[in-house]
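The primary structure of each chain is shown beneath.
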Amino acid sequence: MTAAFAALRHARLALALVAFSLAAVARADDAPPPQPAATPSGQKAGGHGDTANPPAAAEQHRLPPDSTTRQTLALPGRTLDFTATAGSIRLFNDKGEPQADIAYTAYQLDGADQRNRPVTFVFNGGPGASSAWLQFGNVGPWRLPINAEAVTSSAAPDLMPNAETWLDFTDLVFIDPVGTGYSRFVATGEDVRKRFFSIDGDVNSIALTIRRWLEKFDRLLSPKFVAGESYGGIRGPKIVRELQTEQGIGVKGLILISPVLDFREYSGSSLLQYVASLPTMAAVAREKKGSVTRADMADVEHYARGDFLGDLVRGPADTEATTRLADRVAALTGIDQAVSRRLDGRFEVSEFRREFDRRNGKVTGRYDASVSGFDPYPDSSFHHFGDPSGDPLTAPLTSAAVDVTTRKLNWRPDGSYQLLDGAVSKAWDFGRGLNPAESISQLRQILALDPKLKLLVAHGLFDLATPYFGSKILLDQLPAYASPDRVKLVVYPGGHMFYSRDPSRQAFRAEAEALMK
């Protein structure tokens, strides 16, 4: 009897302590924990690295309360009044322990019917990239000119009203995954980092952030869209799948901007990497002689997936085929025939970037190969150059993001804003085994699950980071239910950030608006 009473007393005490703990955590955030979905399926939460994380320690890293401001944007032919919120959403593990604060910036048009008003969740890639490129280069209310041909590191980060903002037809929520922007861990230890810096953990954290934002702002009934750039091509389909099947959130459309869809075709011994990049290399050569569009590349695309691929498969063992291939590649790219023959016509991206204008001591961009810059070591036998089409954007974009967040939106986190955190990409777990990261499997699943879901894939013609023809090849493998009225590929003059060119940004905006109507 005494033992039973003692056991009952201990049980009541334990329940009281649990209730007190949960109440304390609930007060620390606008939505009560626990959040089981914050831990990827198949992974255990906590572990020896995460247990020592008392509330006081978590609060030391906490981002400030959300800041909501009213904004007015004067644009040609119209004025947009909207509410801007800069803030964060705290994620918990299945023990109710805080793990990370995910920063977001949301723009909602005033006076709109929220039930019918679309909301689009936007993120970049990396891994380790913040959402600044898309927010300040493409779809946000304010835009920073980021044309790589004109921008230098010392350029003033002067923002202007963005006439091509998507805010006319959709509300916008820009998400910075943990380790980017102002997002940060609040838990200590390596286990939490390993979870978030992994394919599945990253997807789960962003999907959960989307659900939590929808709940927080009472937007569960709104039409929902997802947009991702670059590595966002891996994230995007997986996040939509996670929302559909785990978070209980339906998505009407997915927009992928310069995406990578399958890492198997960009490295190693895959012959398709040469097929995917050849039309872009040829487009760069033709662009030097005058403006070029994708329609102008029809002959190269036909050759790439036909005779070029056939000669590649024959390999160096067939001398005649290899010489024929190398000479045709030299003619298409303008690279010296002797160099092309030495490489058997198989130009890796870094080799093309250096050889294309080596006679003038210049290298092309990786993000935009139509942009060139000086090779700092032109006589070296090794590659010692950065990206003249991407590196100059780091300083002005970072300054613009900090200025908007702190001055316009009145949200002032401590710590540094991370535009592109190399430590995240170095720590990233892309998975192990024989299957590199890919999202084509999830694309098939989400399109099959929801016959009304639409997909828009946009690329830049001169992008060597994620060549457009690689996506073309992969999208052509989708089953018949991925019909042209549901799946569309558009290619614009420009590079990875093709939206830096005014005509390309304007045309892309029209495609996005049509998708959401």
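Residues numbered from 1 in each chain as written. Predicted model: local features only at pLDDT ≥ 70, side-chain atom pairs only at ≥ 80, totals over all residues. Heavy atoms only, no water.

A. Summary view of the environment of proline 484. Looking at the secondary structure, you find proline 484 in the loop between helix H15 (468–475) and strand S14 (487–492). The exposure class assigned to proline 484 is exposed, which follows from its relative accessible area of 73%. Residues proline 484 and leucine 455, spaced 29 residues apart in sequence, show a C-alpha to C-alpha distance of 9.7 Å. (Helix = DSSP H or I, 4+ residues; strand = E, 2+ residues; numbered from the N terminus. Buried < 20%, exposed > 50% of the residue type's maximum accessible area, 1.4 Å probe, protein only.)

B. Expanded view of the side chain of glutamate 287. Structurally, the position occupied by glutamate 287 is in helix H7 (residues 272–287). Buried charge without a partner: glutamate 287 forms no salt bridge, and the closest opposite charge is arginine 501, 4.5 Å away. With sequence-adjacent residues up to four places away left out, glutamate 287 is seen in contact with Val292, Ser370 and Phe462. (Lys, Arg positive; Asp, Glu negative; His and termini not counted. Salt bridge = Lys/Arg side-chain N within 4 Å of Asp/Glu carboxyl O. Contact = heavy atoms within 4.5 Å.)

C. Representation of the packing of helix H5 (residues 199–216) against helix H6 (residues 232–247). Following both chains from N to C, one finds H5 and H6 inclined at 60°, their axes separated by 9 Å at the closest point. Judged by the inter-axis angle, H5 sits oblique to H6. Seen along the crossing, H5 lies across H6 with a hand that is right-handed. Residue-level contacts link Ile199, Asp202, Val203, Asn204, Ile206, Ala207, Leu208, Ile210 and Arg211 of H5 to Arg235, Lys238, Ile239, Glu242, Leu243 and Gln247 of H6. (Axes fitted to C-alpha atoms, helices over the stretch in contact; angles between N-to-C directions. Parallel < 35°, antiparallel > 145°, perpendicular 65-115°, else oblique. Left-handed = near helix turned anticlockwise from the far one by under 90°.)

D. Molecular detail of the pattern of salt bridges. Taken as a whole and judged by the stated rule, the model has 27 salt bridges. Salt-bridge contacts for aspartate 476 lead to lysine 472; the nearest nitrogen and oxygen are separated by 3.2 Å. Classification of aspartate 476 as partly exposed rests on a relative accessible area of 37%. Between arginine 509 and glutamate 513 there is a salt bridge; the shortest N-O distance is 3.6 Å. With a gap of 4 residues between them, arginine 509 and glutamate 513 both fall in helix H16 (residues 502–516), about one helical turn apart. For arginine 509, a relative accessible area of 14% puts it in the buried group. Put simply, Arg78, Asp168, Arg509, Glu513 and Lys517 are held in one network by salt bridges that share partners.

E. Molecular detail of the environment of aspartate 158. With respect to the helices and strands, aspartate 158 occurs in the loop between strand S5 (142–143) and strand S6 (160–161). The residues contacting aspartate 158, other than those within four sequence positions of it, are Arg143, Leu144 and Pro145.

F. Looking closely at the packing of aromatic side chains. Going through the model one piece at a time under the given rule, you end up with 25 aromatic pairs. For the ring pair tyrosine 231 and phenylalanine 263, a centre distance of 6.4 Å and an interplane angle of 35° mean the geometry is tilted. Note that tyrosine 231 is positioned in the loop between strand S9 (224–229) and H6 and phenylalanine 263 in the loop between strand S10 (253–257) and H7, a separation of 32 residues in sequence. Ring centres 5.9 Å apart and planes at 85° place the aromatic pair tyrosine 231 and tryptophan 428 in the edge-to-face group. (Phe/Tyr/Trp six-rings, centres within 6.5 Å; stacked < 30°, edge-to-face > 60°.)

G. Main features of the environment of proline 436. Assignment of secondary structure puts proline 436 in the loop between helix H13 (422–427) and helix H14 (440–449). Here proline 436 falls in the partly exposed class, since its relative accessible area comes to 36%. Sequence spacing of proline 436 and phenylalanine 263 is 173 residues, and the spatial spacing of their C-alpha atoms is 6.0 Å. With near-sequence residues (within four places) excluded, proline 436 lies in contact with Phe263 and Arg264.

H. The arrangement of the pairing of strand S3 (residues 98–109) in detail. When you tally the buried positions in S3, you get 11 out of 12 residues, the bulk of the element. Looking at chain direction, strand S2 (residues 78–92) and S3 are connected through 11 bridges and run antiparallel. Its bridge partner being in S3, serine 88 is matched across the sheet by alanine 103. What sits between the antiparallel neighbours S2 and S3 is a turn of 5 residues, in which glycine 96 has the positive phi angle 80°. With 2 bridges connecting them, S3 and strand S8 (residues 184–185) associate as antiparallel partners. Note that in S8 the partner of alanine 100 across the bridge is phenylalanine 185. (Pairing = 2+ DSSP bridges.)

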